[in-house]
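Observations on the three-dimensional arrangement
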Amino acid sequence: PAAAALALGGGRAARTAYYEPQALAPSAAYELRVSWPGTVPVRWELSLAFVDAAGTVRPLPAARHRRALLDAEKLIFRTDAAARVEGLPAAAAAPLVAVTATRYGVRPLGDAPAPDEVEYAVALERVLLGVLPTSTLPTIAVAAALACACYVLAAELARRAPGERKAM
């Protein structure tokens, strides 16, 4: 994950930072997410964009899958066989990730002023089967191994002591 800070300024004006994703694989799905401290009341939006021939940043059509969960905003997109983001115009050199922050809500810390900037982290991760970020695979493997071990242990205990069960 890349850590950064975005100046919020006064009021509720949106602030945007742009990132260029690197080394995308062909025919792959990716999850882009941003996380931040929940004590800073900020609404995030992730989107894909590109720079046109005139040098203007243009948004790509609406993202494929977007979701917010607690203090994490996520966006899932795919690449084609040439490792280009699907929907990217042929004339565009590379995609951009637009990370937009808008101040909202109230700060729960009483009279303390809201910070002028928010620290956040952006992570781009390959997704398997369209839903599983690769970072979750070790956790899934451990859970599967524990489930198998419990099954084997329960079967062995049942085999060893069939007559020790008492009726209630």
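As the structure is a prediction and not an experimental result, all values here were calculated from the model.

A count of helices and strands for the protein chain gives one helix and ten strands. If you list the helices and strands of the protein chain from N to C, you get β-β-β-β-β-β-β-β-β-β-α. When burial is assessed residue by residue, the protein chain has 29% of its 168 residues classed as buried. Residue pairs in contact within the protein chain that sit at least 24 positions apart in sequence constitute 73% of those at least 6 positions apart. Accessible surface, the protein chain as shown: approximately 10700 Å² in total, 61% of it carbon and sulfur.

Let us now look at the packing of aromatic side chains. Summed over all chains, the structure comprises three aromatic pairs. Ring centres 5.5 Å apart and planes at 50° place the aromatic pair W36 and W44 in the tilted group. Assessed through its relative accessible area of 6%, W44 is described here as buried. Relative to Y120, the ring of W44 has its centre 4.9 Å away and its plane inclined at 50°; by these criteria the two rings are tilted. One end of the pair, W44, is in strand β4 (residues 42-51); the other, Y120, is in strand β9 (residues 117-128), and 76 residues separate them in sequence.

Counting 28 residues, the largest nonpolar core has V42, W44, V99, V118 and Y120 as the members making the most contacts within it. Looking at this core, the elements that each hand over two or more residues are β3 (29-35), β4, β7 (72-78), β8 (95-103) and β9. With five residues, the single largest contributor to this core is β4. If near-sequence neighbours (up to four positions away) are discounted, V99 is found in contact with L6, R15, T16, A17, Y19, V34, W44, E45, L46, Y120 and V122.

Nonpolar side chains collect at one region of the surface, where L128, L129, L137 and I140 lie side by side and expose about 370 Å² of accessible area between them. Tracing the backbone through its elements, the reader meets L137 in helix α1 (residues 137-160).

Let's shift gears to the side chain of T100. Take T100: it is sitting in strand β8. Reaching out from T100, the side chain makes a polar contact with the side chain of T16 at a distance of 2.9 Å. Each residue touching T100, except ones within four places of it in the same chain, is listed here: A14, R15, T16, R43, W44 and E45.

Below, the discussion takes up the pairing of β4. Burial analysis of β4 places seven of its ten residues in the buried class, the great majority of the element. In this sheet, β8 lies alongside β4 in antiparallel orientation, the contact comprising nine bridges. Note on β8: the bridge partner recorded for F50 is P95. Direction of pairing for β4 relative to strand β5 (residues 57-59): antiparallel, over a ladder of three bridges. Across the sheet, residue A49 finds its bridge partner in β5, namely P59. Taking the residues between adjacent antiparallel strands as the criterion, β4 and β5 are bridged by five residues, where G55 takes a positive phi near 85°.

Tallied over the entire structure, the rule returns five salt bridges. Note that E31 and K74 form a salt bridge whose closest N and O atoms lie 3.7 Å from each other. Taken together, the residues E31 in strand β3 and K74 in strand β7 connect sequence positions 43 residues apart. We classify E31 as buried; its relative accessible area is 5%. With a closest N to O distance of 2.9 Å, D52 and R58 form a salt bridge. A relative accessible area of 41% places R58 in the partly exposed class.

Analysis parameters
- All residue numbers refer to positions counted from 1 along the written sequence of the respective chain.
- Thresholds applied to this predicted model are a pLDDT of at least 70 for local features of residues and 80 or more for the giving and counting of side-chain atom pairs; totals over whole chains, interfaces and linings are not thresholded and use all residues.
- Water and hydrogen atoms play no part in the side-chain values, which are based on all heavy atoms of the structure.
- Under the scheme used here, helices are H or I runs from DSSP no shorter than 4 residues and strands are E runs no shorter than 2 residues, and both carry numbers assigned from the N terminus.
- Exposure categories follow from relative accessible area, calculated using a 1.4 Å probe and restricted to protein chains: below 20% of the type maximum is buried, above 50% is exposed, and the middle band is partly exposed.
- Only heavy atoms matter for contacts: two residues are in contact if any of them lie within 4.5 Å across the pair.
- Per-residue accessibility takes into account occlusion by the displayed protein chains alone, with areas from the Shrake-Rupley method and a 1.4 Å probe.
- Between rings of Phe, Tyr and Trp, where Trp is taken as its six-membered ring, a pair exists when centres lie within 6.5 Å; planes separated by under 30 degrees are stacked, by over 60 edge-to-face, and by other angles tilted.
- Within this scheme, the nonpolar core is defined by two criteria: the residues are buried Ala, Val, Leu, Ile, Met, Phe, Trp, Tyr or Cys, and they are joined through side-chain atoms within 4.5 Å.
- Patches here: salt-bridge-free residues with over 30% relative accessible area, like charges joined within 9 Å, nonpolar side chains (Val, Leu, Ile, Met, Phe, Trp, Tyr) joined within 5 Å.
- The term salt bridge refers to a pairing of a side-chain nitrogen on Lys or Arg with a carboxyl oxygen on Asp or Glu at a separation within 4 Å.
- Two N or O atoms form a polar contact when they lie within 3.5 Å of each other; inside protein one atom must be a possible hydrogen donor and the other a possible acceptor, and for residues adjacent in sequence the pair counts only when both atoms belong to side chains.
- A pair of strands is considered paired only if DSSP assigns at least 2 bridges between the two.

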